[in-house]
Amino acid sequence: MKKLTELFKTGKPTFSFELFPPKTDEGYQKLLNTIEGLAALKPDFISVTYGAGGGGRDKTFDIVQHIEEKHHITGVAHLTCVLHTKKEIKHILTDVKKRGIQNVLALRGDPPKENPDRQPGPENFKYSSELCAFIRKNFGDYFGIGVAGFPEGHLLCRDRDRDAQFLKIKIDNGADFVITQLFFNNQDYIDYVGRLRKLGINARVIPGIIPVTDYPGLLRFGALCGATVTDELQQIFEPIQNDKEATLKAGIDFAVRQCRELLKSGAPGIHFYTLNKLSPVDTILSKIRQ
């Protein structure tokens, strides 16, 4: 499969999905069926989050390899560095390369839940920008490297201008493209891209979108990742939060409108956080492709 940088040269908008490795064998088999359905939608790529700290890690790469070899769709393997030594990271990337995977999303990752104050030592990377530089130094141009972007600023850096400067370090250290954290106010994305362009960053910045299917769950998730649940969302979903059917319909309508506005404003594609489900992204994608 090609590096995403080659795909991006066409200049066409890309449509992509994100999955996560299930914790059980039953969940894994269910995900393979979901991938079958997602592959039929002909996405440009599918990314898989990183199962840090053990067995989940290999599942990440197994799933990406399955996506590429069975469905002939470009896969992107997430890689977090916070719990690994530099030596382990090199070993992991060597394995990824042997599998023929050419695209990674380089992330810092979160500290372990049982030790949230854990600080990286001299054999660890402290920032994802360091991981980007390490990949480029040790593997040259083999990998297409993506990084995370935060339209509202990272939870640990709410100063949006400063956060944009941190993103520039990632790009300067070898990153090729950006996939953003989820957001619900398109102006946040537009302003974010504007800040990056002023810093001379011309990389593709793909907006990450999550359809609203469970409003109480969204409130919890938004609080964890720092995504603002806007007044508009509250007005739409709060009155219907106990009506699953109405919430699903409203969630599809909102996502379609959000995606269309983003594409019209110049966004280079849409990256859907699927939560390992075919629906409703299948409906949303079909509508915005019309």
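All values derive from a computational prediction rather than experimental measurement.

Conventions and cut-offs
Each chain has its residues counted from 1, running along the sequence as written. Selection of residues for local features in this predicted model requires a pLDDT of at least 70, selection of side-chain atom pairs for listing and counting requires 80 or more, and totals for whole chains, interfaces and linings are taken over all residues. Calculated side-chain values reflect all of the structure's heavy atoms, with hydrogen atoms and water omitted. Labels follow the DSSP assignment, with helices taken as runs of H or I lasting at least four residues and strands as runs of E lasting at least two, numbered in each case from the N terminus. C-alpha atoms define the radius of gyration, and 2.2 Å times the number of residues to the power 0.38 defines the globule rule. A 1.4 Å probe rolled over the protein chains alone gives each residue an accessible area, and that area as a share of the maximum for its type sets the label: buried under 20%, exposed over 50%, partly exposed in between. Any two residues whose heavy atoms approach within 4.5 Å at even a single point are treated as in contact. Every accessible area reported is derived by Shrake-Rupley at a probe size of 1.4 Å, with residue values counting cover from the shown protein chains alone. In summary, the charge assignment counts Lys and Arg as positive and Asp and Glu as negative, without counting His or the chain termini. Charge placement uses NZ in Lys and CZ in Arg. For Asp and Glu, CG and CD serve respectively. Paired strands, in this sense, are two strands between which DSSP finds at least two bridges. Geometry is summarised by axes, namely lines fitted to C-alpha atoms with helices restricted to the contacting stretch, and by angles between N-to-C directions that run from 0 to 180 degrees. We call a crossover right-handed when, viewed with the strands running away from us, the connection from the first strand over the helix to the second turns clockwise. Under the convention used throughout, the expected extent of a helix is 1.5 Å for every residue step, that is, one less than its residue count. We call two N or O atoms a polar contact when they sit within 3.5 Å, provided that within protein one can donate a hydrogen and the other can accept it, with sequence-adjacent residues counted only if both atoms are side-chain atoms.

**So, the overall build of the chain**
- Along the chain, the regular secondary structure elements total 11 helices and eight strands.
- In terms of C-alpha radius of gyration, the chain reaches 18 Å, essentially the compact-globule figure of 19 Å for 290 residues.
- Overall, the C-alpha framework of the chain stretches about 50 × 45 × 45 Å when taken along its three principal axes.
- When burial is assessed residue by residue, the chain has 52% of its 290 residues classed as buried.
- Partitioning the contacts of the chain with sequence separation of at least 6, the portion at a separation of at least 24 is 78%.
- On the chain, roughly 14200 Å² of surface is accessible, and the fraction owed to carbon and sulfur atoms is 50%.
- Computed over 40 positive and 35 negative side-chain charges, the inter-centroid distance for the chain is 5 Å.

**Let's talk about the sheet that holds strand β5 (residues 144–149)**
- Here we have eight strands rolled up into a closed barrel, ordered β1-β2-β3-β4-β5-β6-β7-β8, and parallel in their pairing. Neighbour-to-neighbour, the strand axes of this sheet turn through a mean angle of 25°, independent of strand direction.
- Two elements, β5 and strand β6 (residues 177–182), share four bridges in a ladder whose sense is parallel. Paired with Gly 146 across the strands is Phe 177, a residue of β6.
- Sitting on the sheet, helix α6 (residues 160–172) touches β5 and β6, and the angle it makes with β5 is about 175°.
- Its contacts with the sheet place helix α7 (residues 186–198) against β5, β6 and β7 (204–209), and it is angled at close to 160° to β7.

**Concerning the environment of Thr 247**
- Mapped onto the secondary structure, Thr 247 falls in helix α10 (residues 244–264).
- Take Thr 247: its relative accessible area is 1%, and that puts it in the buried class.
- Spatially, the C-alpha atom of Thr 247 lies 8.8 Å from that of Ile 236, the residues being 11 residues apart in sequence.

**Brief notes about the pairing of strand β1 (residues 14–19)**
- With six of six residues buried, β1 lies mostly within the body of the structure.
- By the bridge criterion, five bridges tie β1 to strand β8 (residues 269–273) in an arrangement that is parallel. Across the sheet, Thr 14 pairs through a bridge with Gly 269, a residue of β8.
- Two strands pair when backbone bridges link them, and β1 and strand β2 (residues 45–48) are joined in this way by four bridges, in the parallel orientation. Its bridge partner being in β2, Ser 16 is matched across the sheet by Phe 45.
- Handedness of the crossover joining β1 and β2 through helix α2 (residues 25–39): right-handed.

**Description of α10**
- With 21 residues, α10 should reach 30 Å at 1.5 Å per residue; the first-to-last C-alpha distance of 30 Å fits that figure.
- Looking at the buried side of α10, the elements it contacts are α7, β7, α9 (231–237), β8 and α11 (281–288).
- Capping of α10 at its N-terminal end is provided by Asp 243; its side-chain oxygen lies 3.2 Å from the backbone amide nitrogen of Glu 245.

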